[in-house]
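An overview of the molecular structure
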Amino acid sequence: EAGVTQFPSHSVIEKGQTVTLRCDPISGHDNLYWYRRVMGKEIKFLLHFVKESKQDESGMPNNRFLAERTGGTYSTLKVQPAELEDSGVYFCASSQGVLAGQYFGPGTRLTVT
Amino acid sequence: KQEVTQIPAALSVPEGENLVLNCSFTDSAIYNLQWFRQDPGKGLTSLLLIQSSQREQTSGRLNASLDKSSGRSTLYIAASQPGDSATYLCLPGGYQKVTFGTGTKLQVIP
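Please read these numbers as outputs of a predicted model, since none were measured by experiment.

Calculation rules
Residues numbered from 1 in each chain as written. Chains lettered and ligands numbered in written order. Predicted model: local features only at pLDDT ≥ 70, side-chain atom pairs only at ≥ 80, totals over all residues. Heavy atoms only, no water. Helix = DSSP H or I, 4+ residues; strand = E, 2+ residues; numbered from the N terminus. Rg over C-alpha atoms; globule rule 2.2 N^0.38 Å. Buried < 20%, exposed > 50% of the residue type's maximum accessible area, 1.4 Å probe, protein only. Contact = heavy atoms within 4.5 Å. Areas by Shrake-Rupley, 256 points an atom, 1.4 Å probe, with all protein chains shown as cover. Lys, Arg positive; Asp, Glu negative; His and termini not counted. Charge placed at Lys NZ, Arg CZ, Asp CG, Glu CD. Buried area = accessible area lost by both parts, 1.4 Å probe. Salt bridge = Lys/Arg side-chain N within 4 Å of Asp/Glu carboxyl O. Polar contact = N/O pair within 3.5 Å; in protein donor to acceptor, adjacent residues only side chain to side chain. Nonpolar A, V, L, I, M, F, W, Y, C, P; charged D, E, K, R; others polar. Phe/Tyr/Trp six-rings, centres within 6.5 Å; stacked < 30°, edge-to-face > 60°. Lys NZ or Arg CZ within 6 Å of the ring centre and 35° of its normal. Pairing = 2+ DSSP bridges. Axes fitted to C-alpha atoms, helices over the stretch in contact; angles between N-to-C directions.

**A look at the overall build of chain A**
- Scanning chain A from terminus to terminus reveals 0 helices and 11 strands.
- Overall, chain A shows an N-to-C arrangement of helices and strands of β-β-β-β-β-β-β-β-β-β-β.
- The C-alpha atoms of chain A give a radius of gyration of 13 Å, which matches the 13 Å a tight globule of 113 residues would have.
- On the principal axes, the C-alpha backbone points of chain A span a range of 40 × 25 × 25 Å.
- For chain A, buried positions account for 48% of its 113 residues.
- Pairs at least 24 apart in sequence give 52% of the contacts found in chain A among residues at least 6 apart.
- Surface accessibility of chain A: about 5500 Å² in total, with carbon and sulfur atoms responsible for 49%.
- Positive and negative side-chain charges of chain A, numbering 12 and 12 respectively, have mean locations separated by a distance of 4 Å.

Structure representation (structure tokens):
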């Protein structure tokens, strides 16, 4: 069984540009989560999808961040326009249900210069 | 808001020692608690998942306990090995707004 995959593994962009991160959850997992870790800080929750619906997006930092999960399969997280403080590692996780454990992807390292 | 604290922040032990990592959380209304390890530059690897109705889970040399009412969980690692060196994180589940603690950075010295 394939695990959670994320693309790209690393992205370097300039301030003001747009970047789109992609997450493919484990097949059959309705729950999909986005987290991020900025330098030296703890991993913070961004949002939670159940199928294609946003269950909780209280962790999204501002309206420069847009997450989608069309069709309830893969998800994208777009940052537009990117700022320096957006640099960090963005993790995606999926689970079969809220009561089930979460499986994390390897993360996307985003560097904004 | 759920807050998670992990003690100690860092731990260095000689190979072969048994050790205990602690995780405390402020809101006991959780469905489960999950322990992860993170290796440098890698994602999080799930180690153990304890449901709220359980008191402990074991996998090989790892044993995790959960005391939901007091907001505590411990991860016991028996006979530590250099390959156990990593950062260990706990995640109280079923509470979407949770923030991970900063974890416990473990170094096992050969």
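**Looking at the interface of chain A and chain B**
- With 19 residues of chain A at the interface, the matching set in chain B holds 21 residues.
- In total, about 1600 Å² of surface goes out of reach between chain A and chain B, with carbon and sulfur atoms giving 58% of it.
- When the area that chain A buries against chain B is broken down by residue, the three leading residues are Ile43, Leu99 and Phe104 of chain A, summing to 29%.
- Between the two partners, chain A and chain B, sit 0 salt bridges.
- In this assembly, chain A and chain B are joined by 5 residue pairs in polar contact (both at pLDDT 80 or more).
- Looking at the side of chain A that touches chain B, the elements that each hand over two or more residues are strand 4 (31-37), strand 5 (44-50) and strand 6 (53-56) of chain A.
- Classifying every residue of the side of chain A that touches chain B by side-chain character gives 9 nonpolar, 6 polar and 4 charged.

**Points about the packing of aromatic side chains**
- Applying the stated criterion to the full structure yields 9 aromatic pairs over all chains.
- Judged by centre distance (6.0 Å) and plane angle (75°), the rings of Tyr35 of chain A and Phe45 of chain A are edge-to-face. Taken together, the residues Tyr35 of chain A in strand 4 and Phe45 of chain A in strand 5 connect sequence positions 10 residues apart.
- Accessibility expressed as a relative area gives 1% for Tyr35 of chain A, which makes it buried.
- Through a chain of ring-to-ring contacts, the aromatic side chains of Tyr33, Tyr35, Phe45, Phe91 and Phe104 of chain A together with Phe36 and Phe100 of chain B assemble into a single cluster.
- Against the face of Tyr74 of chain A rests Arg22 of chain A, its NZ or CZ located 3.7 Å from the ring centre.

**A closer look at the sheet that holds strand 7 (residues 65-68) of chain A**
All names here are of chain A.
- An order of 1-3-8-7 is seen for the 4 strands of this open sheet, with the pairing classed as antiparallel. The sheet is open, and its two borders are formed by strand 1 (5-7) and strand 7, each paired with just one other strand. Between one strand axis and the next, the sheet turns by 15° as a mean value, whatever way the strands run.
- Note that strand 3 (residues 19-24) and strand 8 (residues 75-79) share 5 bridges and pair antiparallel. Within strand 8, the position partnered with Arg22 by the bridge is Thr76.

**Considerations on the sheet that holds strand 10 (residues 104-109) of chain B**
All names here are of chain B.
- Read across the sheet, 5 strands follow the order 2-10-9-4-5 without closing on themselves; strand pairing throughout is mixed. Looking along the sheet, the strands with just one partner apiece sit at the ends: strand 2 (10-14) and strand 5 (44-51). The average undirected angle you get between the axes of adjacent strands in this sheet is 25°.
- Of the pairings in the sheet, the one linking strand 4 (residues 32-38) to strand 9 (residues 86-93) comprises 7 bridges and is antiparallel in character. Directly across from Leu33, in strand 9, lies its bridge partner Pro92.

**Thoughts on the side chain of Gln38 of chain B**
- Assignment of secondary structure puts Gln38 of chain B in strand 4.
- Accessibility expressed as a relative area gives 9% for Gln38 of chain B, which makes it buried.
- In terms of polar contacts, Gln38 of chain B uses its side chain to reach the side chain of Arg37 of chain A, at 2.6 Å.
- Ignoring anything within four residues of it in the chain, the contact list for Gln38 of chain B reads Arg37, Ile43 and Phe91 of chain A together with Gly43, Leu44, Ala86, Thr87 and Leu89 of chain B.

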